[in-house]
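# Observations on chain architecture
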Amino acid sequence: MDRGLEASTMRKVYLRLLPFAVLSYVLAYLDRINVSFAALTMRGDLKISAGDFGFAVGTFYWAYFLFEVPSNVIMEKVGARIWIARIMITWGIFAAATAFVTGATSFGVVRFLLGMAEAGFFPGLILYFTYWFPARHHARIVSAFLVGLPVAVAAGAPISTGLMSLDGLFGLRGWQVMYLAEGVPTILIGIAAYFVLINKPEQATFLTAAERDWLVAKLASERRAKEKVRVYSLFESMSNPKVLLLALNYLGIVTASLGMLIFIPQIIKELGPMTNMTVGWLTMIPYICGAISLLTWGRISDKMNERRWNLLLACMLSTAGLILAGATMGTWWALVGMSLAAMGFYGSKGPFFAMPPMFLSGTALAAGIAWINSLGNLGGFFGPWWVGVMKDATGSFSGGLYGLALLSLVSSVVCALFLHIPDVISSTDRRPEATPAQ
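Just so you know, these numbers come straight off a predicted model, no measurement behind them. (Residues numbered from 1 in each chain as written. Predicted model: local features only at pLDDT ≥ 70, side-chain atom pairs only at ≥ 80, totals over all residues. Heavy atoms only, no water.)

A separate point is the overall build of the protein chain. Summing up its helical and strand segments, the protein chain has 19 helices and zero strands in all. Compactness check: the protein chain gives a C-alpha radius of gyration of 21 Å against a globular reference of 22 Å for 438 residues, within 12% of the reference. Projected onto the principal axes, the alpha-carbon positions of the protein chain cover approximately 60 × 45 × 40 Å. Sorting the 438 residues of the protein chain into buried and exposed places 62% on the buried side. In the protein chain, the proportion of contacts linking residues at least 24 apart, taken out of those at least 6 apart, comes to 84%. Carbon and sulfur atoms form 70% of the exposed surface of the protein chain, whose accessible area is close to 15,700 Å². Separation between the mean location of the 32 positive side-chain charges and that of the 23 negative ones in the protein chain comes to 3 Å. (Helix = DSSP H or I, 4+ residues; strand = E, 2+ residues; numbered from the N terminus. Rg over C-alpha atoms; globule rule 2.2 N^0.38 Å. Buried < 20%, exposed > 50% of the residue type's maximum accessible area, 1.4 Å probe, protein only. Contact = heavy atoms within 4.5 Å. Areas by Shrake-Rupley, 256 points an atom, 1.4 Å probe, with all protein chains shown as cover. Lys, Arg positive; Asp, Glu negative; His and termini not counted. Charge placed at Lys NZ, Arg CZ, Asp CG, Glu CD.)

The subject of this paragraph is the packing of helix 4 (residues 80–97) against helix 5 (residues 104–118). At a closest axis distance of 8 Å, the pairing of helix 4 and helix 5 adopts a crossing angle of 165°. Viewed along their axes, helix 4 and helix 5 adopt a mutual orientation that is roughly antiparallel. Between helix 4 and helix 5 lies a crossing whose hand is left-handed. When helix 4 is examined against helix 5, the residues Arg86, Ile87, Thr90, Trp91, Phe94, Ala95 and Ala97 are found in contact with a partner set consisting of Val110, Leu113, Leu114, Ala117 and Glu118. Considered class by class, the residues forming the contact of helix 4 with helix 5 number nine nonpolar, one polar and two charged. (Axes fitted to C-alpha atoms, helices over the stretch in contact; angles between N-to-C directions. Parallel < 35°, antiparallel > 145°, perpendicular 65-115°, else oblique. Left-handed = near helix turned anticlockwise from the far one by under 90°. Nonpolar A, V, L, I, M, F, W, Y, C, P; charged D, E, K, R; others polar.)

The next point concerns the environment of Asp31. Tracing the backbone through its elements, the reader meets Asp31 in helix 1 (residues 3–33). A relative accessible area of 3% places Asp31 in the buried class. Along the sequence, Asp31 and Ser348 sit 317 residues apart, while their C-alpha atoms lie 23 Å from each other. Aside from chain neighbours lying at most four places away, what touches Asp31 is Trp91, Ala95, Arg111, Leu114, Glu182, Gly183 and Thr186.

Glancing now at a nonpolar patch on the surface. A cluster of nonpolar side chains, namely Ile74, Val78, Ile82, Val184, Leu188, Ile191, Tyr194 and Phe195, defines an oily patch on the protein surface of about 730 Å² accessible area. Of all elements in the fold, only helix 3 (50–78) and helix 9 (174–196) reach the threshold of two or more residues within the nonpolar patch. Structurally, the position occupied by Tyr194 is in helix 9. (Patch = residues over 30% accessible without salt bridge, like charges linked within 9 Å, V, L, I, M, F, W, Y side chains within 5 Å. Salt bridge = Lys/Arg side-chain N within 4 Å of Asp/Glu carboxyl O.)

On to the nonpolar core, then. Counting residues in each nonpolar core, the largest one holds 142 residues, and the members touching the most others are Phe107, Tyr128, Trp132, Phe145 and Met260. Considering every element that reaches this core, the biggest residue donor is helix 12 (residues 241–269), with 15 residues. Contacts of Met260, omitting those with residues within four sequence positions, involve Tyr287, Leu322, Met338, Ala341, Ala342, Phe345 and Leu404. (Core = buried A, V, L, I, M, F, W, Y, C linked by side-chain atoms within 4.5 Å.)

Here we come to the confidence of the model for the protein chain. Summing up the model confidence of the protein chain, the mean pLDDT is 84 and the portion of residues at 70 or higher is 94%. Highest mean pLDDT in the protein chain belongs to helix 14 (residues 308–327) (93); lowest belongs to helix 11 (residues 234–239) (75). This stretch, residues 426–438, has a pLDDT under 50; its non-local contacts, to residues over four places away or in other chains, come to 32 contacts. (pLDDT = per-residue confidence, 0-100.)

In the Ramachandran plot, Lys47 falls in the positive-phi region, its phi being about 55° despite a non-glycine side chain. Relative to the helices and strands, Lys47 resides in the loop between helix 2 (35–46) and helix 3. Even without being a glycine, Phe170 presents a positive backbone phi close to 55°. Within the element layout of this structure, Phe170 appears in the loop between helix 8 (148–164) and helix 9.

Below, the discussion takes up the pattern of salt bridges. The tally for this structure, following the rule as stated, stands at eight salt bridges. Between Arg136 and Glu6 there is a salt bridge; the shortest N-O distance is 3.0 Å. With Arg136 in the loop between helix 6 (121–130) and helix 7 (138–146) and Glu6 in helix 1, this residue pair connects regions lying 130 residues apart in the sequence. For the pair shown, Arg136 and Glu6 are each scored as buried. When the shortest N-O distance is used, the salt bridge between Asp302 and Arg140 registers 3.1 Å. Of this pair, Asp302 sits in helix 13 (residues 276–304) while Arg140 sits in helix 7, and the two are 162 residues apart along the sequence. A residue is classified by how much of its surface remains accessible, and Arg140, at 6% relative accessible area, is buried. Taken together, the salt bridges that share partners define one network made up of Asp45, Asp167 and Arg173.

A word on helix 13. Compared with an ideal rise of 1.5 Å per residue, which puts 29 residues at 42 Å, helix 13 spans 43 Å between its outermost C-alpha atoms and is within 8% of the ideal. The largest bend in helix 13 comes to about 30°, at Pro286. Positive backbone phi, at 50°, marks Asn305, one or two positions downstream of helix 13. (Expected span 1.5 Å × (residues − 1). Bend = angle between axes of the 7 residues up to and from the residue.)

Now for the side chain of Thr328. By the secondary structure assignment, Thr328 is in the loop between helix 14 and helix 15 (332–347). In terms of polar contacts, Thr328 uses its side chain to reach the backbone carbonyl oxygen of Leu324, at 2.7 Å. (Polar contact = N/O pair within 3.5 Å; in protein donor to acceptor, adjacent residues only side chain to side chain.)

One way to put it is that helix 14 packs onto helix 15 with a least axis distance of 7 Å and a crossing angle of 160°. In terms of orientation, helix 14 lies roughly antiparallel with respect to helix 15. Regarding helix 14 and helix 15, the two cross each other, and that crossing is left-handed. Each of Ala314, Leu317, Ser318, Gly321, Leu322, Leu324 and Ala325 in helix 14 lies in contact with helix 15, whose residues at this interface are Trp333, Ala334, Val336, Gly337, Met338, Leu340, Ala341, Met343, Gly344, Phe345 and Gly347. Broken down by class, the residue content of the contact of helix 14 with helix 15 amounts to 13 nonpolar, five polar and no charged.

Laid out in structure tokens, this is it:
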């Protein structure tokens, strides 16, 4: 194979798809988690307890659970261009509509509708990458894409708290201004997605004929290698033991990650007297650490061509970080612990999402990724709810963080004992190669 042809092809693919995907994910996650900053004043304005707040926030993930698989299967049929654009436009509308909730019930309803609108975005893009990137690029591209997650929190922290300082603008409370200002850009980027995204490499006019032919042939050969071992139907992929074990591992990580994420600003504010803007800046620290870990761990996993043990180490780091944060609550060591936990949470993403394409393809891969994500994201309900309930019951976030550490430990055990997934891609695809510019 001409390595120069591979390098030039993949460089163009990275540059064409990755920046827009990252920008889209930054907006997606900002619209999902800006509620953690709104809570600094929103809870008081609407008289919502910590437990009710965590419950309402978590209804988003029940919608995810119900609509992820149908959304991903539809995208596999109609193409990313139309479906990702639809997702972004509708979620932008509901994200902005959160500005007009009046209590716990309406807040929970709008969060559910937001989850229904956004369902399929993340697994849809993970699936989309498998249409464009050969197997040895999977952890790298997923990690580079998912850097939008900690970037959304890190950059969104001062932006969200800054917008909240505009309290009184147009007669609105600060959190209302924030929801509106951060929801509208998503609608605009959703419209742009229709013109930017290309469904399949066969349609890529930005590649030369030789580059396009190489990429199409490469991806086809990898798909044949997987299908030679076993072709799974949609329903077989959803009941496959490997898929269910991956979902269990992901459930533990997501529960711990989002349970911590939603309450980080409130935990930081307990460190001492400080303004909401200062809270926003300090919230950046764990997620800057997470972004660095995400990119580094994905590259290491691809370079080693190893997924399982990289995932295990990341889960163990998350567990240790949460225990440290819980044990040192009210001190600056808690921020150190949450930073270590964030490094584990986000470091796990690249190795984890490189695993389903190792044995699934086609519609089965679309359904499998969505099923893993929908089951795992139920943790987005249980994590915040648990931390909120423990805060109401004990007056401290420590008990909540210890519970999250237990879930992260369960993920570690699942990975260590059960997640053995043989790689069926030909060994000829596993030699070292030049890393394309990203």
